[in-house]
Amino acid sequence: WRIFLQALESRSPIDNDAARTAGLEAAGKSSQLSVHAIMVLSELGELDAAFSIVDGLVMRRGPNLSQFRSEEGQSPAQDPQWRQTQWLFTPATERLRADSRFVALTEAIGLAEFWRRRGIEPDEGLPRADNRVSSL
């Protein structure tokens, strides 16, 4: 947290680099640390690193796989932390939502389909220029 807080306060490239490194290292330790790292890195504009952690946490792919508390042999989807996505819609992840990769993420994890089936508009901040989602 000290590294993250220093970067958030200073916004210097050196501190951002340190936060990115710390976030990527923390991501492999737990799903909760992954979520915190994603929010901080998004706020810092470190979107490639944030999306890399999102891929490891939510999509279970890439170099930044998160550890889960689930018992051995259980699907990560059984872990309650894995199913919580409210952090995607916090002010800290505004830059993440503004990135074109976010629409593909909502499609991949089923949020876009959920919105379509419910007949509701996406949550605030989702880019609406993409036809897959704007057709809601």
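No experiment lies behind these values; they were computed from the predicted model shown. (Residues numbered from 1 in each chain as written. Predicted model: local features only at pLDDT ≥ 70, side-chain atom pairs only at ≥ 80, totals over all residues. Heavy atoms only, no water.)

(A) Molecular detail of the pattern of salt bridges. Taken as a whole and judged by the stated rule, the model has 8 salt bridges. D99 serves as the salt-bridge partner of R101, at 2.8 Å between the closest nitrogen and oxygen. Here E107 and R116 are joined by a salt bridge, their closest N and O atoms 3.0 Å apart. Given the relative accessible area of 31%, R116 is considered partly exposed. One network of salt bridges, in which partners are shared, links E107, E113, R116 and R117. (Salt bridge = Lys/Arg side-chain N within 4 Å of Asp/Glu carboxyl O. Buried < 20%, exposed > 50% of the residue type's maximum accessible area, 1.4 Å probe, protein only.)

(B) Summary view of the packing of aromatic side chains. A full pass over the atoms with the stated rule returns 3 aromatic pairs. Taken together, a centroid distance of 5.8 Å and an interplanar angle of 85° make the contact between W1 and F4 edge-to-face. The class of W1 is exposed, set by a relative accessible area of 56%. Taking the relative accessible area as the measure of exposure, F4 reaches 7% and is therefore buried. Here the aromatic rings of F89 and F102 are separated by 6.0 Å at their centres, their planes lie at 85°, and the arrangement is edge-to-face. Residue F89 is located in the loop between α5 (80-83) and α6 (94-98), and its partner F102 is located in helix α7 (residues 101-109); the two are separated by 13 residues in the primary sequence. (Phe/Tyr/Trp six-rings, centres within 6.5 Å; stacked < 30°, edge-to-face > 60°. Helix = DSSP H or I, 4+ residues; strand = E, 2+ residues; numbered from the N terminus.)

(C) Broad picture of the packing of helix α1 (residues 2-10) against helix α3 (residues 31-44). Two elements in contact, α1 and α3, have axes whose closest approach is 10 Å; the angle formed by their N-to-C orientations is 20°. Between α1 and α3, the angle falls in the class roughly parallel. Crossing of α1 against α3: the hand is left-handed. Taking contact as the criterion, the partners of F4, A7 and L8 in α1 are, on α3, A37, V40, E43 and L44. Grouping the constituent residues of the contact of α1 with α3 by class yields 6 nonpolar, no polar and 1 charged. (Axes fitted to C-alpha atoms, helices over the stretch in contact; angles between N-to-C directions. Parallel < 35°, antiparallel > 145°, perpendicular 65-115°, else oblique. Left-handed = near helix turned anticlockwise from the far one by under 90°. Contact = heavy atoms within 4.5 Å. Nonpolar A, V, L, I, M, F, W, Y, C, P; charged D, E, K, R; others polar.)

(D) Highlighting helix α4 (residues 47-59). Where burial is concerned, most of α4 is hidden: 10 out of the 13 residues are buried. L47, A49, A50, F51, S52, I53, V54, G56, L57 and V58 are the residues of α4 that are buried.

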